[in-house]
Amino acid sequence: MLPLLSVVGPLALGALAAQAPPAATAQDSAVRVFVDCPGFVPACDFDFLRTEITFVSYVRNREDADVHVLITTQQTGGGGTEYTLSFIGLKRFSGAADTLRYFSRQTDTPDEARKGLARVLTLGLVRYVAATPLAERLTVSYTAPATAASAKVHDPWNYWVFRTRLNGNFNGQRSTRFTFLNGSLSANRTTDDWKINIGMNYGYNDSDFDVPVYDSSGAQVGTTTITNIQRNAGVQVLVARSLGPHWSAGGRGSATHSTFSNQDVGLRLAPAVEYDVFPYKASTRKLLTLQYAVGVTHFAYADTTIFDKLRETLFDESLTLSANVTQPWGSISASVEGAHYLQDFRKNHLTLFSSLDVRVFKGLSLSLFGDVELVHDQLYLSKASLTTADVLLQRRQLATNYRYFAFVGLSYQFGSAINNIVNPRFGGSGGSFFFSF
């Protein structure tokens, strides 16, 4: 213990030693900016933004900012990403507001995407910096195009985008082995009037467990191997047609196979109509849709079901209400879906989903995520008795009348409001060293 304290003590005292604050500089007059961008988006590299855009001061909390930059994203038809940058003036810039957009392509590397986002962010901040003493330090440059006017873009692919993936992972030890393979192929076409998504996927999961076998005296006499194999495959098609800024119509179709759900083949077709209370073009900030669908599904089961069926054709209808809101105070997503089979209204399900991420007050953030499902339509359950291995290894879907999942997180941050410094030292260490209290 003493040798550890002799090493850690000086380091801790040095880190906590009080230092005189630095003298005032011109940077003190810089615009204070709070960048609000999803951390899971590769282009939202905060260290990169802080080192590339140095004519503003970055703060950790919205309450300390002069400008709140709210960045929201959504996928484009070509597989890229649309970034919507909302510049919201606060304090001395109260009432000022601007919106800029940046589009990254599917083929862009993370470095290209973050450079493009930094360029658009720079353009948006210039308006605010122009009203500060730092304006005299800014220069504006322009790169002229190669030709005076660009011709209309000709797309030989007619907006179709194709993607294929093949994934696999393998791990194990002396008594357990796992193999997982997954492949997919997709074809998507998105225009202002049409949205067409076609996807195919196949999954294979193989798990082996060597379980000890004991005799009546408790001595191990050998091992037995339990093997769990699951397969799933499917083809999904979505076609949607724009009927104006608020309405759209379309449908979904699918063909599926799942050992877990006792389905040799499931064929489904479901036309639908959707209404958005807000214009679809405002979807990055707010979306409130109501969708009604009717469908027909034909099932061919692997085993006889609990209703003594090996195949059947069922008709159903569903109603889904979805809401998504992204605002300076945070974001909320929620949906509720109700569906039932037309042959028997008692065979139904109701699903509620919600996600909440808000700043309660300065430094305090609350995150909630969860869903609850009331289930009364498991017509596909196998009549065969389940073994202990089936239950523990989750080989088959179990009978239930509800499902739920919940996550809650609370974080509080306090201290210096300034967030300009980037220091990567010791960030790539291969070991781990931490204090636990």
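Everything discussed here concerns the structure shown above.
Description of the structure in this document. (Residues numbered from 1 in each chain as written. Predicted model: local features only at pLDDT ≥ 70, side-chain atom pairs only at ≥ 80, totals over all residues. Heavy atoms only, no water.)

**What to know about the state of the cysteines**
Considering all chains together, one arrives at one disulfide under this definition. Put simply, Cys37 and Cys44 are joined by a disulfide, and their sulfur atoms are 1.5 Å apart. This pair shows no difference in class: Cys37 is buried, exactly as Cys44 is. (Disulfide = S-S within 2.5 Å. Buried < 20%, exposed > 50% of the residue type's maximum accessible area, 1.4 Å probe, protein only.)

**Some remarks on the layout of surface pockets**
One water molecule sets the probe size; rolling that probe over the atoms shows where empty space is left. By volume, the largest pocket amounts to about 1,800 Å³. Surrounding the largest pocket, 49 residues form its lining, Gln75, Thr190, Thr191, Trp194 and Lys195 being those nearest its centre. The greatest single-element share of the lining of the largest pocket, amounting to six residues, is contributed by strand β10 (residues 247-258). (1 Å grid on protein atoms, 1.4 Å probe; cavity = no way out; pocket = protein on both sides within 12 Å on 5 of 7 lines; lining within 4 Å. Points joined across faces, edges and corners; volume = space filled by probe spheres on them. Helix = DSSP H or I, 4+ residues; strand = E, 2+ residues; numbered from the N terminus.)

**Thoughts on the pattern of salt bridges**
Under the counting rule described, the total for this entry stands at 18 salt bridges. In this structure, Arg114 and Asp45 form a salt bridge, with 2.7 Å as the shortest nitrogen-oxygen distance. Taken together, the residues span a long stretch of sequence, with Arg114 in helix α3 (residues 110-129) and Asp45 in the loop between β1 (32-36) and α2 (46-52) at a distance of 69 residues. Here Asp344 ties to Arg346 by a salt bridge, and the two come within 3.1 Å at their closest N and O atoms. (Salt bridge = Lys/Arg side-chain N within 4 Å of Asp/Glu carboxyl O.)

**A closer look at the side chain of Thr305**
Inspection of the secondary structure puts Thr305 in the loop between β12 (286-301) and β13 (311-327). With sequence-adjacent residues up to four places away left out, Thr305 is seen in contact with Asn262, Leu379, Tyr380, Leu381, Ser382 and Lys383. (Contact = heavy atoms within 4.5 Å.)

**Examining the sheet that holds strand β4 (residues 81-89)**
The five strands are arranged β2-β1-β3-β4-β5 in an open sheet whose pairing can be described as mixed. Of all the strands in the sheet, just β2 (57-58) and β5 (97-104) have a single pairing partner and so form its edges. Against the sheet, α3 contacts β1, β3 (67-75), β4 and β5, and its axis sits at roughly 165° relative to β5. (Pairing = 2+ DSSP bridges. Axes fitted to C-alpha atoms, helices over the stretch in contact; angles between N-to-C directions.)

**Considerations on the packing of aromatic side chains**
Tallying each qualifying case throughout the model produces 10 aromatic pairs. With a centroid separation of 5.3 Å and an interplanar angle of 80°, the aromatic rings of Phe93 and Tyr128 are classed as edge-to-face. Of this pair, Phe93 sits in the loop between β4 and β5 while Tyr128 is found in helix α3, placing the two residues 35 residues apart along the sequence. Each member of the pair, Phe93 as well as Tyr128, is classed as buried. Centroid distance Tyr402 to Tyr404: 6.3 Å. Interplanar angle 15°. Geometry classified as stacked. Taken together, the ring pairs connect Trp157, Trp160 and Phe162 into an aromatic cluster. (Phe/Tyr/Trp six-rings, centres within 6.5 Å; stacked < 30°, edge-to-face > 60°.)

**Side note on unusual backbone geometry**
The phi torsion of most residues other than glycine is negative, and most of the peptide bonds are trans. Unusually for a residue other than glycine, Tyr159 sits at a positive phi of about 70°. The topology assignment puts Tyr159 in the loop between α3 and β6 (160-172). Positive phi is not limited to glycine here, since Asn262 has a value of about 60°. Along the chain, Asn262 falls in the loop between β10 and β11 (263-276). Given a relative accessible area of 3%, Asn262 falls into the buried group.

The analysis is restricted to geometry; functional conclusions fall outside its scope.
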